[in-house]
Amino acid sequence: MTDTLPAAKRQRSPLRQRNFALVWSSSFVSDAGDWLLMIALPLFAFAVTGSALGASTVFLAELLPALVLGSFLGVLVDRWDHRRTMIVVNLLQGLFLLPLLFASAEHIWIVYIVAAVEACLAALFNPARQALVPRLVEPDQLGTGNSLMAVSENLARLIGSPLGGLAFATVGLPGVVMVDAATYVVSAILVAASRPIPAPAEAADGPLPRIHFLHQWVDGLSTIRRTRPLGTIAVLTLLGQFAQGIFLVLFIVYVVQQLDAGDTAVGLLRGVQAIGGVAGGLLVGVLIRRVSPRALVGWGFVLFGAISMLTWNLYSVTTAIGVYVALFIVVGIPAVATTAGEITIVQKVTPPDALGRVIASVQTLGGAAQGLGLLAAGLLVQHVDVVTILNGQATVYILCGLIGLAFLGRRSAPGADPATPAGPPSAQ
C-alpha cells in the first residue's frame with residue numbers, strides 16, 4: 001500500500017504539471033524560431049555574397065564566441081536566477097535580431113555580428129534552461145522531463161527547419177527576423193508565467209556568498225574533475241562530438257559519392273532524424289522509469305554506433321534513399337537516449353549552485369571537439385577512403401558506450417542515484 005501513491009505519481013507525465021508544460025512550450029516556440037533563422041541566415045549570406053565562404057562564415061561566427069566565452073557564461077548562470085535569466089535572455093535575443101532588418105550585400109557584417117551575439121546569448125539560455133528542469137519536476141521524474149525536452153527540441157527542428165527555407169523564399173530575411181523575434185517574446189511570456197520551486201539556497205538561508213568570478217569558474221572545472229561521473233560525461237562529450245564533427249563533413253561526401261544522390265537527399269536525410277528524435281524522446285520517457293541513465297548512455301551509444309556502421313557499409317547492397325531514410329529515423333532514437341541519460345546524470349550529481357557552469361563547460365568542450373572533428377575530416381578525406389573514416393567514426397560511438405557502461409557506475413534501482421562522486425566503478 002505504501003508504494004501505490006509514489007508509483008502512481010511517477011506515471012503522471014510532467015507535461016500535466018503547469019510549470020513544466022509552460023517551460024516546455026516556451027522551449028518549443030523559441031527553438032522553432034531558431035531553426036527558421038539558422039536556415040535563413042546562411043541562405044541570405046550565400047545569396048548576397050554568391051559564395052559558399054559567405055555562408056560558412058555565418059557558422060564560424062556562431063561557433064567561435066560560444067567556444068571562447070561559453071564556460072565563463074556558465075558562471076553567470078549560477079549567479080543569477082535561472083527563470084529570470086531565461087526571460088531576460090529571450091527578450092535580448094529578440095531585440096538583437098532587429099539589426100538584421102538592415103542587412104544587405106553592402107552591410108553583410110551585420111549578419112556575422114548578430115550571429116555571434118545570438119550564439120553568446122544562447123550559451124546563457126541553454127544551461128539556464130537545463131539547470132531549471134530539476135526545479136520543475138519531481139526528482140523521480142527528472143529523466144522523463146529531460147526526454148520530453150528532447151521531444152520539444154526535435155519537434156522544433158522537424159517543423160522549423162523546412163519552414164525556414166520556405167519562409168526565406170516567400171517573405172525574405174526581414175519576415176523571418178520578425179517571426180523569430182516574436183517567438184522569443186512568446187517564449188519569455190511563457191517562462192514568466194511559470195513558478196518553479198525555489199533553488200536550494202533560496203529555500204534555506206538565502207543566496208550563497210559570492211566568490212571571485214574566476215575562482216567560481218575554476219571551481220566549476222574542478223567539480224567536473226573531482227566528480228567521477230562528470231569527468232566521464234566530459235570524456236564522452238569530447239569523443240562523441242569529435243565523431244559528430246567528422247559526420248557533418250563526410251556525411252555529405254558519402255551521400256554524393258556512395259549513394260550517387262544530390263542536395264535534396266542530403267537535406268532529407270538530415271531532417272528525418274528529428275522524427276526518430278521525437279519517437280526516441282517519448283520512448284525514453286517510458287524506459288527511464290525502468291532502466292538507469294547509465295544504461296541509456298552506454299547502450300544508447302553502442303546502438304548508435306552499430307546503426308551508423310550498418311548505414312555506412314550498406315551502399316554495396318543498396319543505394320535506395322528510402323532505406324537510408326528509415327535508418328536515419330531509427331538512429332534518432334538512441335541519439336536521444338544518450339542525451340537524456342547524460343543530462344540526467346549531470347543534474348543528479350552536480351551541486352545545484354554549480355549546475356550552470358558545469359553544463360556550460362561540458363557544452364563548450366563539446367563545441368571545441370566538434371570543431372576538431374570538422375578539421376580532421378577535411379584533412380583525412382584527402383588521404384583515406386570516406387567509408388573507412390566513417391567506420392572509424394562509428395567505432396568511436398561504440399567506444400563511448402563501453403566507457404559509459406564501465407565508468408558511470410550502476411544504479412541499484414530505478415529511483416536511486418545514477419552514480420556516486422567517488423569509489424570504483426560497479427560491475428556490469
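Whatever comes next refers back to the structure up there.
Notes on the structure in this doc start here. (Residues numbered from 1 in each chain as written. Predicted model: local features only at pLDDT ≥ 70, side-chain atom pairs only at ≥ 80, totals over all residues. Heavy atoms only, no water.)

### Quick look at the overall build of the chain
So, point 1. Counting secondary structure elements, the chain contains 14 helices and zero strands.
So, point 2. Moving toward the C terminus, one meets the helices and strands of the chain in the order α-α-α-α-α-α-α-α-α-α-α-α-α-α.
So, point 3. Every one of the 428 residues in the chain was classed for burial, and the buried ones make up 50%.
So, point 4. At a minimum sequence separation of 6, the contacts of the chain that also span at least 24 residues come to 85%.
So, point 5. Carbon and sulfur atoms make up 70% of the accessible area of the chain, which totals about 18,900 Å². (Helix = DSSP H or I, 4+ residues; strand = E, 2+ residues; numbered from the N terminus. Buried < 20%, exposed > 50% of the residue type's maximum accessible area, 1.4 Å probe, protein only. Contact = heavy atoms within 4.5 Å. Areas by Shrake-Rupley, 256 points an atom, 1.4 Å probe, with all protein chains shown as cover.)

### Side note on unusual backbone geometry
Among all residues except glycine, the phi angle is most often negative; among peptide bonds, the trans geometry is most common.
So, point 1. Phi is positive for Asp260, close to 55°, though the residue is something other than glycine.
So, point 2. Counting through the fold element by element, Asp260 comes out in the loop between α9 (228-257) and α10 (263-287).
So, point 3. On the basis of relative accessibility, which here comes to 69%, the residue Asp260 falls in the exposed class.

### Regarding helix α14 (residues 386-407)
So, point 1. In this model α14 runs 32 Å from its N-terminal to its C-terminal C-alpha over 22 residues, within 8% of the 32 Å that 1.5 Å per residue would give.
So, point 2. The distance from a side-chain oxygen at the start of α14 to the backbone nitrogen of Val387 is 3.1 Å, and the residue carrying that oxygen is Asp385.
So, point 3. At the exit of α14 stands Gly409, carrying a positive phi of roughly 85°. (Expected span 1.5 Å × (residues − 1). Polar contact = N/O pair within 3.5 Å; in protein donor to acceptor, adjacent residues only side chain to side chain.)

### Re the packing of α9 against helix α12 (residues 321-349)
So, point 1. Packing of α9 against α12 brings their axes to within 11 Å, and their N-to-C directions diverge by 155°. Taken together, the axes of α9 and α12 lie roughly antiparallel to each other. Relative to α12, α9 is oriented so that their crossing is left-handed. Facing α9, whose interface residues are Pro229, Leu230, Ile233, Leu236, Phe247, Phe251 and Tyr254, α12 presents Tyr324, Phe328, Glu342, Ile345, Val346 and Val349. (Axes fitted to C-alpha atoms, helices over the stretch in contact; angles between N-to-C directions. Parallel < 35°, antiparallel > 145°, perpendicular 65-115°, else oblique. Left-handed = near helix turned anticlockwise from the far one by under 90°.)

### Thoughts on the nonpolar core
So, point 1. Residues Phe251, Val255, Trp312 and Val346 are the most contacted members of the largest nonpolar core, which totals 50 residues.
So, point 2. Sorting the residues of this core by element identifies α9, α10, α11 (293-313), α12, α13 (355-380) and α14 as the ones contributing at least two each.
So, point 3. In terms of residue count, α9 provides more of this core than any other element does, eleven residues in total.
So, point 4. Aside from chain neighbours lying at most four places away, what touches Phe251 is Val266, Leu269, Arg270, Trp312 and Phe328.
So, point 5. Formed by 24 residues, the second largest nonpolar core is a distinct cluster that contains Leu121, Leu124, Val137 and Ala188. (Core = buried A, V, L, I, M, F, W, Y, C linked by side-chain atoms within 4.5 Å.)

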